[in-house]
Amino acid sequence: TPGHYEFLKIAEGCSKRCTYCVIPYIRGGYRSYEMEELLEQAADLAAEGVKELIIVAQETTVYGKDIYGKKSLPRLLKRLCAIEGFEWIRVLYTYPEEIDDEFLELMASEPKIVKYIDMPIQHSSDSILRKMGRRTTHEDLVNIIKNVREKVPGIALRTTLITGFPGESDEDFRKLKEFVGEVRFDHLGVFTYSQEEGTPAASFAGQIPEQTKEKRRDEIMKLQSKISSEILAEKIGEEFDVFIEGYLPEDEIYVGRTFRDAPEVDSYFYVKSSRQLMTGDFVKAVCTGASSYDLYGEEKDESAE
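Residues numbered from 1 in each chain as written. Predicted model: local features only at pLDDT ≥ 70, side-chain atom pairs only at ≥ 80, totals over all residues. Heavy atoms only, no water.

### A short note on the pattern of salt bridges
Pairing of side chains with opposite charge becomes possible as their charged atoms draw close.
Logical step 1: Scanning all chains against the criterion turns up 26 salt bridges.
Logical step 2: Close ionic contact of K16 with E97 constitutes a salt bridge, the shortest N to O distance being 3.5 Å. Here the residue K16 occupies a position in the loop between β2 (11–12) and α1 (23–27), and E97 occupies one in the loop between β5 (88–91) and α5 (101–109), the gap between them amounting to 81 residues.
Logical step 3: On the accessibility criterion, K16 (10% relative accessible area) is buried.
Logical step 4: For E97, a relative accessible area of 25% puts it in the partly exposed group.
Logical step 5: Here R257 ties to E52 by a salt bridge, and the two come within 2.5 Å at their closest N and O atoms. With a gap of 205 residues between them, R257 in strand β10 (residues 253–257) and E52 in strand β4 (residues 52–56) connect regions that are remote in the sequence.
Logical step 6: Look at R257 and you get buried, because its relative accessible area is 0%.
Logical step 7: When salt bridges with common partners are traced through the structure, they connect K16, E59, K71, E97, E98 and D100 into a single cluster. (Salt bridge = Lys/Arg side-chain N within 4 Å of Asp/Glu carboxyl O. Helix = DSSP H or I, 4+ residues; strand = E, 2+ residues; numbered from the N terminus. Buried < 20%, exposed > 50% of the residue type's maximum accessible area, 1.4 Å probe, protein only.)

Right under this line is the structure:
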């Protein structure tokens, strides 16, 4: 990582045992790191100048349950927020069935915790979710997303999907595509199903041809591009805090991110500024334009107020 943001891994392994995933076989069951150890690491990162701390694990939402007897992510986040130096704390990989109101209420009330959730759902058809070993239904997902948006107004939602899982029928895919169109995620990535050796799904009947997997992936991404364009067009005229990540000299424009964007996987905000900015700076900018995935704007003139 470049130094202005850094990842803090809070656990190893996974105990969910989704039928397509090899991670539990490679890394073992879920094991949380001790909170004091994590806080010490985080304090060191803040002292080194890290502005954005990104919380990661195979699943962050069940942090601490194995060593403290209950889910302890909110307690960890509160203590991380008390460390001076961090401007943003971002939480990735929150399994939908484990997102509870305590976590959402903390996100809504704590300024350092960015209003962003990466919620890997993988599919929305009940039959495929069952085959995947997932612990949610289509109805569960609709209700969870509704609750997230009600509890944290303005939140940005990212998800990942898999197309071409064994047995995925045309009807299953139609349901998935319809779900994506109705829910309208801010960010969405799609992977084609990969037949991982040693996983239960690798031996399932109904393996899908690669061409079909890719065609379905492309259909979802085409739909998401339209959704993203519409969502971003609504941001024109809004003011954002932009985290500067670099400069494009040929275009004389700075590259940054808003709270809506995790590094490397999401969108950028391109900022025009009359002054010299540095990587790691935060600036206020007004959005003046949008493309399918990125925003454009100008640094706000604070002296004009």
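### A few points about the sheet that holds β4
Logical step 1: Read from one edge to the other, the open sheet built from three strands follows the order β1-β4-β5, with strand pairing classed as parallel. At either margin of the open sheet sits one strand with a lone partner, and together these are β1 (5–9) and β5. Adjacent strand axes in the sheet meet at a mean angle of 25°, parallel and antiparallel pairs treated alike.
Logical step 2: Inspection of the sheet shows β1 paired to β4 by five bridges, in the parallel sense. If you follow K9 over to β4, its bridge partner there is V56.
Logical step 3: On top of the sheet, helix α2 (residues 35–47) reaches β1 and β4; it is set at about 170° to β1, its chief contact. (Pairing = 2+ DSSP bridges. Axes fitted to C-alpha atoms, helices over the stretch in contact; angles between N-to-C directions. Contact = heavy atoms within 4.5 Å.)

### Section: the sheet that holds strand β13 (residues 295–299)
Logical step 1: Pairing is mixed in the closed barrel, where five strands are placed in the order β9-β10-β11-β13-β12. The average undirected angle you get between the axes of adjacent strands in this sheet is 50°.
Logical step 2: Taken together, the four bridges between strand β11 (residues 269–272) and β13 define a ladder with parallel strand orientation. Pairing of K272 across the sheet is with E298, part of β13.

### Examining the packing of α5 against helix α7 (residues 138–151)
Logical step 1: Packing of α5 against α7 leaves a shortest axis separation of 9 Å and a crossing angle of 30°. In this structure, α5 crosses over α7, and the sense of that crossing is right-handed. Contact residues: D101, L104, E105 and A108 in α5; N147, V148 and K151 in α7.
Logical step 2: In the contact of α5 with α7, the residues fall into three nonpolar, one polar and three charged. (Left-handed = near helix turned anticlockwise from the far one by under 90°. Nonpolar A, V, L, I, M, F, W, Y, C, P; charged D, E, K, R; others polar.)

### Points about helix α9 (residues 210–233)
Logical step 1: The end-to-end C-alpha distance of α9, which contains 24 residues, comes to 34 Å, matching closely the 34 Å that a straight helix rising 1.5 Å per residue would cover.
Logical step 2: Within α9, burial applies to K213, R216, I220, L223, Q224, S225, I227, S228, I231 and L232.
Logical step 3: Check the buried side of α9 and you find it contacts β7 (156–163), α8 (170–183), β8 (187–192), β12 (282–290) and β13. (Expected span 1.5 Å × (residues − 1).)

### Regarding unusual backbone geometry
Logical step 1: A positive phi angle, close to 60°, is found at R184, a residue other than glycine.
Logical step 2: Looking at the element boundaries, R184 is found in the loop between α8 and β8.
Logical step 3: Phi angles above zero are rare outside glycine, and E264 is one such case at about 75°.
Logical step 4: Within the secondary structure, E264 is located in the loop between β10 and β11.
Logical step 5: Note on E264: relative accessible area 66%, which makes it exposed.

### A word on the packing of aromatic side chains
Logical step 1: Evaluation of the coordinates by the stated rule reveals 13 aromatic pairs.
Logical step 2: With 6.1 Å between their ring centres and 85° between their planes, Y5 and F7 make a pair best called edge-to-face.
Logical step 3: On the basis of relative accessible area, F7 is assigned to the partly exposed category, the value being 32%.
Logical step 4: On the basis of an interplanar angle of 45° and a centroid distance of 4.6 Å, the ring pair of Y247 and Y254 is categorised as tilted.
Logical step 5: Ring pairing ties together the aromatic residues Y20, F165, Y193 and F204, which thus form one cluster.
Logical step 6: The ring centre of Y25 lies 5.1 Å from the NZ or CZ of R17, which sits over that ring.
Logical step 7: Just above the ring of Y5 sits the side chain of R257; from NZ or CZ to the centre is 5.4 Å. (Phe/Tyr/Trp six-rings, centres within 6.5 Å; stacked < 30°, edge-to-face > 60°. Lys NZ or Arg CZ within 6 Å of the ring centre and 35° of its normal.)

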